[in-house]
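Structural description and commentary
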Amino acid sequence: AIDAVCSILDVNDTKMLLVALDAVDCILKLGMKLNKDYVSFVDECDGLTMIETLQEHESEEVYQKAITLIETYFGAEDGEDDENLAPDVNGGTFSFGIPQKNIDEVECPANAGHSNAQPFTTYNFAS
């Protein structure tokens, strides 16, 4: 059934897409309620790829529903950084890298004893 609903996500009719996106939402919501992993079924039948493609759809409503589905059910795990975040910009410089983390004013144990830990560095690409 999930495969059939996901196949509808490839049509070009806005009303059908909205119905299919609502159906996927209901299926995934039920899966969470029943503690079933329906998210992986949607992903296996290329449903996630099709939903991601719908982020570029001409209909704002289809776009919003696709975004909501992705963020609700397929979003990044807690604690993961978004790989698409822009670098920090300070004046004419861009900052790339990960700063050394301190926990309660103590150096993070992951960095302890590592003299080769990479410092947070800024690069000026304006020149």
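Not measured: the values here are computed from a predicted model.

**Digging into the packing of helix α2 (residues 14-33) against helix α5 (residues 60-73)**
- Running from amino to carboxyl end, α2 crosses α5 at an angle of 15 degrees, the nearest separation of the two axes being 10 Å. What the angle tells us is that α2 and α5 run roughly parallel. The handedness of the crossing between α2 and α5 comes out as left-handed. On α5, the residues touching T14, L17, L18, L21, D22, V24, D25, L28, K29 and M32 of α2 are E61, V62, K65, A66, L69 and Y73.
- Residues of the contact of α2 with α5, tallied by class, amount to 10 nonpolar, 1 polar and 5 charged.

**Brief notes about a negative patch on the surface**
- A cluster of acidic side chains, namely D3, D37, D43, E44, D46 and E52, defines a negative patch on the protein surface.
- Mapping E44 onto the fold places it in helix α3 (residues 38-44).
- Under the relative-accessibility criterion, E44 is labelled exposed at 61%.

**Things to note about unusual backbone geometry**
- The backbone of N35 shows a phi angle near 60 degrees, a positive value even though the residue is not glycine.
- Positioned with a positive phi, D46 is a non-glycine residue whose angle comes to about 60 degrees.
- With respect to the helices and strands, the residue D46 is situated in the loop between α3 and α4 (47-53).
- Owing to a relative accessible area of 44%, D46 belongs among the partly exposed residues under this scheme.

**Quick look at α2**
- Look at α2: 28 Å from first C-alpha to last across 20 residues, which is about the 28 Å you get at 1.5 Å a residue.
- Among all positions of α2, only L17, L18, A20, L21, V24, L28 and G31 are buried. Looking straight down α2, one finds its buried side chains confined to an arc of 165 degrees; they lie on one side. Opposite the packed face of α2, turned more than 90 degrees from it, sit the exposed residues K15, V19, C26 and K33.
- In the core, the buried residues of α2 are packed alongside α1 (2-8), α3, α4 and α5.
- One side-chain oxygen of the residue at the start of α2 lies 3.0 Å from the amide nitrogen of K15, identifying that residue as D13.
- Just downstream of α2, N35 is the residue with a positive phi angle, here 60 degrees.

**Quick word on the packing of aromatic side chains**
- If you walk through the whole model with that rule in mind, you get 1 aromatic pair.
- Between Y38 and F41, the aromatic rings sit 6.2 Å apart at their centres with planes inclined by 35 degrees, giving tilted as the arrangement. Placement of the pair is Y38 and F41 together in helix α3, with a separation of 3 residues, close to one helical turn.

**Description of the nonpolar core**
- Of all hydrophobic cores here, the largest spans 22 residues; its most connected members are L9, L21, V24, I51, L54 and F74.
- Elements represented by at least two residues in this core include exactly α1, α2, α4 and α5.
- Per-element accounting of this core gives the leading share, 6 residues, to α2.

Definitions and cut-offs
Residues numbered from 1 in each chain as written. Predicted model: local features only at pLDDT ≥ 70, side-chain atom pairs only at ≥ 80, totals over all residues. Heavy atoms only, no water. Axes fitted to C-alpha atoms, helices over the stretch in contact; angles between N-to-C directions. Helix = DSSP H or I, 4+ residues; strand = E, 2+ residues; numbered from the N terminus. Parallel < 35°, antiparallel > 145°, perpendicular 65-115°, else oblique. Left-handed = near helix turned anticlockwise from the far one by under 90°. Contact = heavy atoms within 4.5 Å. Nonpolar A, V, L, I, M, F, W, Y, C, P; charged D, E, K, R; others polar. Patch = residues over 30% accessible without salt bridge, like charges linked within 9 Å, V, L, I, M, F, W, Y side chains within 5 Å. Areas by Shrake-Rupley, 256 points an atom, 1.4 Å probe, with all protein chains shown as cover. Salt bridge = Lys/Arg side-chain N within 4 Å of Asp/Glu carboxyl O. Lys, Arg positive; Asp, Glu negative; His and termini not counted. Charge placed at Lys NZ, Arg CZ, Asp CG, Glu CD. Buried < 20%, exposed > 50% of the residue type's maximum accessible area, 1.4 Å probe, protein only. Expected span 1.5 Å × (residues − 1). Arc of directions from axis to C-beta. Polar contact = N/O pair within 3.5 Å; in protein donor to acceptor, adjacent residues only side chain to side chain. Phe/Tyr/Trp six-rings, centres within 6.5 Å; stacked < 30°, edge-to-face > 60°. Core = buried A, V, L, I, M, F, W, Y, C linked by side-chain atoms within 4.5 Å.

Just distances and angles here, no functional claims.
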